[in-house]
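Observations on chain architecture
The residues making up each chain are set out below.
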Amino acid sequence: MYLYIKALHIIFIVTWFSGMFYVVRLFIYSTEASEKPQPEKDILAAQFRIMVRRLWLGITWPSAVLTLILGPWMWIMMGSTPKWLLVKLVFVLLLYIYHGSLHFIFTEQQKGIFRFSSQQLRIWNEMATLLLFIIVFLASVKQSLSWIFGLMGIISLAIVLMLSIRIYKKIRMKGKK
C-alpha cells in the first residue's frame, strides 16, 4: 500500500509544481497584456483570467491539497522520522508559503490589480525551481547529502537562474527596438 501512496504523492507533486510554474507564466502574460492598448488589452485580460482561474482552482490547488494529504499518510506509514525528512518538511512548509503568495497574486490579478512587474514575477517564479531542487535532492539523497555541497549547489543554481533572467531580459529588450 505504501508504494501506491508514494506513487500518487509523486504524481500530485508533479501536477502541483506544473501548475505553479505555468500559473506564474500566465501572471506574467496577464501583466504584460494589461499594458497593451485597447481592445487588445480587454480581449487578452478576459482570456488570461479564465485560463488562470481554471489552472489555479482546477489543477494547482487540488494537487497541493492531495499532496498535503498523501505526504503525511506516507510519513505515518514509514513509522519513523529520519533527520532528512524533518529538513525536507521545512522546505515543504516554505513551498506552501510560496503557494500562498501565488494565491495572493491570483486574487489580485483576478480583480485586475497588477502589483508586480513581469520582471519581478519572472524572478519570483524561480523560487519554485529552487524549492523543487532542494526538496527532490533531500528526498533522493537523504542522509548522504553533504550540507556544504548541497548549499553550494543551490547557491550556484540561484546565480545561474538570476543570470538567465537578466540575459533573457536583454534579449527581449533588443527585440523591442
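Our subject in this report is the structure included herewith. (Residues numbered from 1 in each chain as written. Predicted model: local features only at pLDDT ≥ 70, side-chain atom pairs only at ≥ 80, totals over all residues. Heavy atoms only, no water.)

Quick word on the overall build of the chain
Each helix and strand in the chain was counted, giving five helices and zero strands. Put simply, the chain runs from its N terminus to its C terminus through helices and strands in the order α-α-α-α-α. C-alpha extents for the chain along the principal axes are approximately 60 × 35 × 20 Å. By the burial criterion, 33% of the 177 residues in the chain qualify as buried. Surface accessibility of the chain: about 10900 Å² in total, with carbon and sulfur atoms responsible for 72%. Looking at charge distribution, the chain has the averaged site of its 20 positive side-chain charges lying 10 Å from that of its 6 negative ones. (Helix = DSSP H or I, 4+ residues; strand = E, 2+ residues; numbered from the N terminus. Buried < 20%, exposed > 50% of the residue type's maximum accessible area, 1.4 Å probe, protein only. Areas by Shrake-Rupley, 256 points an atom, 1.4 Å probe, with all protein chains shown as cover. Lys, Arg positive; Asp, Glu negative; His and termini not counted. Charge placed at Lys NZ, Arg CZ, Asp CG, Glu CD.)

Side note on helix α4 (residues 118–141)
With 24 residues, α4 should reach 34 Å at 1.5 Å per residue; the first-to-last C-alpha distance of 35 Å fits that figure. The positive-phi residue at the C-terminal boundary of α4 is lysine 142, with phi of around 55°. (Expected span 1.5 Å × (residues − 1).)

Structural notes on the layout of surface pockets
As a volume, the largest pocket reaches approximately 740 Å³. Along the wall of the largest pocket there are 28 residues; nearest its centre are His9, Ile13, Lys88, Ile135 and Ala139. Contributing elements (two or more residues each) for the lining of the largest pocket: α1 (2–33), α2 (40–78), α3 (83–110) and α4. Broken down by element, the residue count for the lining of the largest pocket peaks at eight residues, all from α1. (1 Å grid on protein atoms, 1.4 Å probe; cavity = no way out; pocket = protein on both sides within 12 Å on 5 of 7 lines; lining within 4 Å. Points joined across faces, edges and corners; volume = space filled by probe spheres on them.)

A word on the side chain of threonine 31
Following the sequence through the fold, threonine 31 ends up in helix α1. Setting aside chain neighbours within four positions, we find threonine 31 in contact with Gln109, Phe114, Phe116, Ser117, Ser118 and Leu121. (Contact = heavy atoms within 4.5 Å.)

Side note on the packing of aromatic side chains
Applying the stated criterion across every chain, the model contains eight aromatic pairs. Here the aromatic rings of phenylalanine 17 and phenylalanine 21 are separated by 5.9 Å at their centres, their planes lie at 40°, and the arrangement is tilted. Here the residue phenylalanine 17 and the residue phenylalanine 21 both occupy positions in helix α1, the gap between them amounting to four residues, near one helical turn. Looking at phenylalanine 21, the relative accessible area reads 25%, which means it is partly exposed. Seen in terms of ring centroids, tyrosine 98 and tryptophan 124 are 5.3 Å apart; in terms of plane orientation they differ by 45°. Their pairing is tilted. Within this pair, whereas tyrosine 98 is found in helix α3, its partner tryptophan 124 is found in helix α4, the two being separated by 26 residues in sequence. Through a chain of ring-to-ring contacts, the aromatic side chains of Trp16, Phe17, Phe21 and Tyr96 assemble into a single cluster. (Phe/Tyr/Trp six-rings, centres within 6.5 Å; stacked < 30°, edge-to-face > 60°.)

With respect to unusual backbone geometry
In this chain, glutamine 38 is followed by proline 39 through a cis amide linkage whose omega measures -5°. Within the fold, proline 39 resides in the loop between α1 and α2.

Structural notes on the packing of α1 against α3
The contact between α1 and α3 brings their axes to 11 Å, and the two run at 35°. α1 and α3 meet at a crossing whose hand is left-handed. Contacts between α1 and α3 involve Trp16, Phe17, Met20, Val23, Val24, Phe27, Ser30 and Thr31 on the former and, on the latter, Leu95, Tyr96, Tyr98, His99, Leu102, Ile105, Phe106 and Gln109. Partitioning the contact of α1 with α3 into residue classes produces 12 nonpolar, four polar and no charged. (Axes fitted to C-alpha atoms, helices over the stretch in contact; angles between N-to-C directions. Left-handed = near helix turned anticlockwise from the far one by under 90°. Nonpolar A, V, L, I, M, F, W, Y, C, P; charged D, E, K, R; others polar.)

Function cannot be inferred from these measures alone, as they are strictly geometric.
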